[in-house]
Amino acid sequence: MKNLGKIFLILLTPIYIFASVVASVDSTTVTKGEYVTLNLNVSGENIQRPSIDSICGNDILSSGSQTSITMINGEYKKNYILSYKFMPLKSCIIEPIEIDINSKIEKSKSIKIEVTKQKVDKNSDFTLSLVSEKKEVLVGESFKVDLIFKQKIGADAVDSKFQEPKFKGFWIKGQSEQKAYKEGDFNIVKISYVLSAQREGNLAISPAKIAIAKRVHTRDSWGIFMQSVKWKTYFSNPLDISVKPLPFAVKYIGDFTISVDIDKTSIDKNEALNLRLKIVGNGNLEDMQSFKPTIDGVTVFDEKIVIKDNELTQKMAFISDNDFVIKPFILKYFDTKTKKVKTITTKEIKIDVKGAKIKEELVIKRDIPKEIPQTVEIKNNSISTIWAVSIFIIGLFVGILIMILKPWAKFKNSKKINLKDEKLLLIKLLPFKDDKEVQKIMDDLEENIYNPNSQKLDKKLLKECLSKYEITT
């Protein structure tokens, strides 16, 4: 009787003996750009909710959950429905998902998802396309790419989310405002980009994307029609651009003019002369480095190059105690119009410094040696020999001491490149891109430049590459 009482007590107590994981999707066949929702129906007690960041290699766009408790034949059953929304870009298999229920691992079954290509034609409600004026360009050569979005008149859209293409490996030199107009049965929006390639090779421009929400009619569980919103993403075509190296070993390409402005040609001693260099034109202005000249006896200060639209400017200051000459600034580039190398220069500028020191001609006077007795000459020769030996020994000692202490080592750090200037690092590493490690660093730098939130850079490998190729300022 005692044992029967225990059994009766257990039967009256709610128990949770059922545990399972059932996976399902709202559709197993979708068109590229459509969304799939994965539902995990989890039953049991003490459920450890899984951590899922991606499905089929695609990020989770949204997630949700529902909880319910039911009683069947006197047994309580707790159900969780976990929902994960994602957009598969290609056919894939959703692998079994493991969930810890009552300290036991339960698995769902795998699900195959088939993704078909978007069928886009001239009569589609929405189309997105990229058009390049050139398929083959030179490094630094400017070219235009148009992004064109077409919406059929009468095709309603509740909302939209646009994502620009990624121009990895290109400088974005300009971007136009959106231009909207009508053409036939379509409303059209066009954006134009002016690009220039940073390096040679086959570079790819990734597709642009636009997600569009449309109203759809569905039936609820009671068979009643309801309005809801359904999202679908449309993709443009990618672009492959073949980039060739510049001919004749020049660094710049385009069509430029060069000029300088100075505030005066006559200054006082230790007064600063201000100069402004200006280069105007279409070309790879971004690749140009400081034009700071070196002039004997003159201290030159240069500011950072500033580029705005198609104009480059750089300010400099010159300070000297003596008259000096600013030699012509020279720019050599490949002219896109004539298809030849062109050299343009400014004029030489002579600067008068008031109160400048007069350079005196150095005159060396030699005294006529007097006749010295032979005995004294021998003595002097002996002293000279002793001095020569002493100087040699001292010099040898100082040389050894310098080699041991290496005093120049402390100045090396001052010549190290600024690791925060990612564009400068990219330019400095370009000549060594055949090195796989250098190419990896360049890819990370490009990702950081076009996606500032990425911060993806192996600084240890970067320093090793800079040291390996002795890259400094």
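Counting of residues starts from 1 at the beginning of each chain's written sequence and follows it residue by residue. Reporting in this predicted model follows two pLDDT cut-offs: at least 70 for local features of residues, and 80 or more for side-chain atom pairs to be given and counted; totals over whole chains, interfaces and linings ignore these cut-offs and use all residues. Side-chain metrics rest on all non-hydrogen atoms present in the structure, leaving aside hydrogens and water.

With that settled, the discussion passes to the overall build of the protein. Put simply, DSSP marks the helices as runs of H or I at least four residues long and the strands as runs of E at least two long, and each gets a number from the N terminus on. Across its full length, the protein holds five helices and 33 strands. Across the 473 residues of the protein, 31% fall into the buried class. Long-range pairs, those at least 24 residues apart, make up 65% of the contacts in the protein between residues at least 6 apart in sequence. Methods summary: accessible areas were calculated by the Shrake-Rupley approach with a probe of 1.4 Å, and residue burial reflects only the protein chains presented. Accessible surface, the protein: about 31700 Å² in total, of which carbon and sulfur atoms supply 53%. For each residue, the accessible area found with a 1.4 Å probe, counting protein chains only, is set against the maximum for its type, and the residue is called buried under 20%, exposed over 50%, and partly exposed in between. For this analysis, residues touch if any pair of their heavy atoms sits within 4.5 Å.

Further remarks concern the state of the cysteines. Disulfides are defined as cysteine sulfur pairs within 2.5 Å. A full pass over the atoms with the stated rule returns one disulfide. Here Cys 56 is linked by a disulfide to Cys 92, with a sulfur-sulfur distance of 2.2 Å. When the S-S torsion is 90°, as for the bridge of Cys 56 with Cys 92, the disulfide is right-handed. You can see Cys 56 sitting in the loop between β5 (54–55) and β6 (58–59) and its partner Cys 92 sitting in strand β9 (residues 92–94), a full 36 residues away along the chain. Classification of Cys 56 as partly exposed rests on a relative accessible area of 27%. Classification of Cys 92 as buried rests on a relative accessible area of 15%.

Note that patches include only residues with greater than 30% relative accessible area and no salt bridge, and the join distances are 9 Å for like charges and 5 Å for nonpolar side chains (Val, Leu, Ile, Met, Phe, Trp, Tyr). Any carboxyl oxygen of Asp or Glu within 4 Å of a side-chain nitrogen of Lys or Arg constitutes a salt bridge here. Together, Phe 392, Ile 393, Leu 396 and Ile 400 make up an exposed nonpolar region whose accessible area comes to about 430 Å². Among the structural elements, Phe 392 can be located in helix α2 (residues 374–405). Since its relative accessible area comes to 57%, Phe 392 is described here as exposed.

As a further point, take the sheet that holds strand β10 (residues 98–101). In this scheme, strands are said to pair when DSSP sees at least two bridges between them. Strands sit in the order β4-β10-β11 across an open sheet of three strands; the sheet is antiparallel. The two strands at the open ends of the sheet, each matched to only one other strand, are β4 (47–48) and β11 (104–107). Sheet analysis places β10 next to β11, joined by four bridges and oriented antiparallel. Pairing of Ile 99 across the sheet is with Glu 106, part of β11.

Attention shifts here to the sheet that holds strand β2 (residues 29–31). Spatial ordering of the open sheet is given by β2-β12-β9, a layout of three strands whose pairing is mixed. Each edge of the open sheet carries a strand with a single partner, namely β2 and β9. Going across the sheet, the axis of each strand differs from the next one's by a mean of 30°, ignoring polarity. As defined by bridge partners, β2 adjoins strand β12 (residues 111–116) across three bridges and the pair is classed as parallel. Of the residues in β12, the one forming a bridge with Thr 29 is Glu 114. In this analysis an axis means a line fitted to C-alpha atoms, helices contributing only their contacting stretch, and an angle means the value between N-to-C directions, from 0 to 180 degrees.

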